[in-house]
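The primary structure of each chain is shown beneath.
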Amino acid sequence: MAKVATTSEKAAPTYAVDDPNGHLAHSTDVVEGLHRRLSNRQIQWIAIGGSIGTALFVSIAWGLVEGGPGSLFIAFAIYCAILALANNCMAEMTVFMPVVGGWVRMGSKWVDEAYGFMAGWNFFLYEAVLIPFEISALNLVLTYWRDDIPVAAVVAGCIVLYGIINLFAVRAYGESEFWLASGKVLLIFMLFCFTFVTMVGGNPKHDAYGFRYWKEPGAFAEYIHTGTLGRFEGFLGAFFQASFTCVGPEYVSMVAGEAIYPRKTIKTAFKTMYFRFGLFFIMGALCVGIILPSNDPTLVGLLDAGDTGTGASSPYVIAMKNMGISVLPDLTNALMVTSIFSAGNSYVYCATRTLYSLSLDGHAPRFLCKTTRAGVPIYCFCVTMVFPFLGFLSVGRAASQGVKWLANITQAAQLMNYIIMCTIYLCFYRALKVQGYDRNSLPYKGWGQPYVAVAGVILFSVVLAIYGYATFYAFDVGTFMTYYAMCFIDIVLYIGFKLWKRTPFVKPEEADLVWERPNIDAYEASIDAPLGLWKDIWLTVTLQKKKEVRDEDA
């Protein structure tokens, strides 16, 4: 790729990019065929929308039943601390090199091309398979109101809306996620307020129950076995639920290549991620353990019956009904619908961009590099949109189980993502050191490195190794593969590509630490600094023109 930086006294600096579609694009915001159009507020809200999913409102019930409120709270706190290790690694690398494809492509540049191949396909499969799973979950949540809603109509509606949002321009995706994520924020703060008000007596029964359920039936529930072992296994159940509820760093990295002024907006998104871990996940786990006992008969009955995807199985909705509160359960379920739709929308975006990044590096067919004038990877989008059609399998009960099975076998991919991120950082850190880079001069310097990355690799690997331990009590090959199939798939991907291409490991002195930096530097020098987050939001909700406001400030 030929990239030439040019400047002029009277004109803003621009650079010419020889993009994958075979033409020179003279632009300050076209990078490898994609456009940098995501604003500060959109980036920050995408970071929120990508980290808050249905699991925080519904599936978290499993952690409560298996571990009890005490184990649930401690498990979420510990896992968020572990996830912060991966966030610390990703922040330094992504702010340093905010490229299209994010961490997926860094594996090829700084570790080994086969490693990048494995990382990309691992993440693509994980995101793509979750699209029909979320559509199926949306159908189940809608049954809270009535059972005769046509499943096929809901699936078709989601496919059309995902297509409209993601097909035209990245700005449309950013704007949709801003408002959908706002609904998530509204929902979670509404539930926090509900928890506090009702626990101090503000409920129809005037029952100030406080932390009653931490005493009876108790803070630590028994799971599988009894006694101390059972309570420890209960903690593990809650911990594994936390590991699939808490996410975030990967989504911020994926939007870095289309962010306006990435070194500022992406840096802010990563730095505030720690706050989101504490506020949304840890506080969410605390609230669930306050409002409902772990042995609530309604909750246990729904989980035993397998109704884990319906709004009726949400601990919050059950608690509201137990207290005799009306209307609020319907509002909660309605906001959960937008939350699920937003999750599917994010998966479409991330899967499309991941496939595009694979094609840029030659790890997927080259024709997938084609983009529209609006900067949308059109063929990657078309391939990704095949997966939502799997949602039609929900029409049949047996086929629906197949969709859930596909989603389950990719769950290990989420833990693999974080192991890969921390591993890439160790190679990045080594390359910086060998090539004489001063980390104090980086746009963002992570804390405690490289020990944080080493701890991340070890801890995520331990979680991955033991999260299917229960299968060994009564070993079944099918159940075992449900937990660990993706690990074997990744091994095959890595070894297969390694043998096929004979790729060498990247030596630290040869790691490409220049890459896209000159182009990113030139781009950021050519534009005004982004508006502050709250000012950007204020101008959006008041329908003011941001360019005119900037001119007034100048």
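Residues numbered from 1 in each chain as written. Predicted model: local features only at pLDDT ≥ 70, side-chain atom pairs only at ≥ 80, totals over all residues. Heavy atoms only, no water.

> Honestly, the overall build of the chain in this entry has me stumped. Any pointers?
Summing up its helical and strand segments, the chain has 22 helices and 5 strands in all. Buried positions account for 60% of the 554 residues belonging to the chain. In the chain, the share of contacts with a sequence separation of at least 24, taken over all contacts with a separation of at least 6, comes to 79%. Within the structure as shown, the chain displays about 21800 Å² of accessible surface, and the carbon and sulfur contribution to it stands at 65%. (Helix = DSSP H or I, 4+ residues; strand = E, 2+ residues; numbered from the N terminus. Buried < 20%, exposed > 50% of the residue type's maximum accessible area, 1.4 Å probe, protein only. Contact = heavy atoms within 4.5 Å. Areas by Shrake-Rupley, 256 points an atom, 1.4 Å probe, with all protein chains shown as cover.)

> It is not clear to me how the packing of helix 2 (residues 60–96) against helix 8 (residues 227–245) should be interpreted in this structure. Could you clarify?
The packing of two helices is summarised by the inter-axis angle and the distance between the axes. For the pair helix 2 and helix 8, interaxial distance at closest approach is 6 Å and the crossing angle is 60°. Where helix 2 crosses over helix 8, the two elements pack in a sense that is right-handed. Within the contact of helix 2 with helix 8, the residues separate by chemical class into 13 nonpolar, 8 polar and 2 charged. (Axes fitted to C-alpha atoms, helices over the stretch in contact; angles between N-to-C directions. Left-handed = near helix turned anticlockwise from the far one by under 90°. Nonpolar A, V, L, I, M, F, W, Y, C, P; charged D, E, K, R; others polar.)

> Teacher, can you tell me more about the confidence of the model for the chain here?
Regions with low pLDDT carry predicted coordinates that are not meant to be interpreted in detail. Looking at the chain as a whole, the pLDDT averages 86, with 89% of positions reaching at least 70. The least confident element of the chain is strand 1 (residues 3–6), whose mean pLDDT is 35; the most confident is helix 18 (residues 451–466), at 96. In the model, residues 1–27 has pLDDT below 50 throughout and makes 55 contacts with residues more than four positions away in sequence or in other chains. (pLDDT = per-residue confidence, 0-100.)

> Looking at this model, I keep getting lost on a nonpolar patch on the surface. Mind explaining?
Among the surface-exposed residues, Phe472, Phe475, Val477, Met481, Phe488, Ile491, Ile495 and Leu499 lie close enough to one another that they form a single nonpolar patch of about 780 Å² accessible area. Secondary-structure assignment places phenylalanine 488 in helix 19 (residues 477–501). (Patch = residues over 30% accessible without salt bridge, like charges linked within 9 Å, V, L, I, M, F, W, Y side chains within 5 Å. Salt bridge = Lys/Arg side-chain N within 4 Å of Asp/Glu carboxyl O.)

> How do you make sense of unusual backbone geometry when you look at a structure like this?
Negative phi characterises most residues that are not glycine, and trans characterises most peptide bonds. In the segment running from glutamate 216 into proline 217, the intervening peptide bond is cis, with an omega of 15°. Inspection of the secondary structure assignment puts proline 217 in helix 7 (residues 212–218). At the junction of glutamine 449 and proline 450, the peptide bond is cis and its omega measures out at 5° in the coordinates. Here proline 450 shows up in the loop between helix 17 (411–434) and helix 18. One non-glycine residue with positive phi stands out, namely arginine 502, at about 55°. With respect to the helices, strands and loops of the structure, arginine 502 is situated in the loop between helix 19 and helix 20 (517–525).

> I would appreciate a short explanation of the pattern of salt bridges in the present structure.
Between side chains of opposite charge, pairing is possible as soon as their charged atoms come close. Counted according to the given criterion, the structure contains 12 salt bridges. With a closest N to O distance of 2.5 Å, arginine 263 and aspartate 521 form a salt bridge. Taken together, the residues span a long stretch of sequence, with arginine 263 in helix 10 (residues 262–271) and aspartate 521 in helix 20 at a distance of 258 residues.

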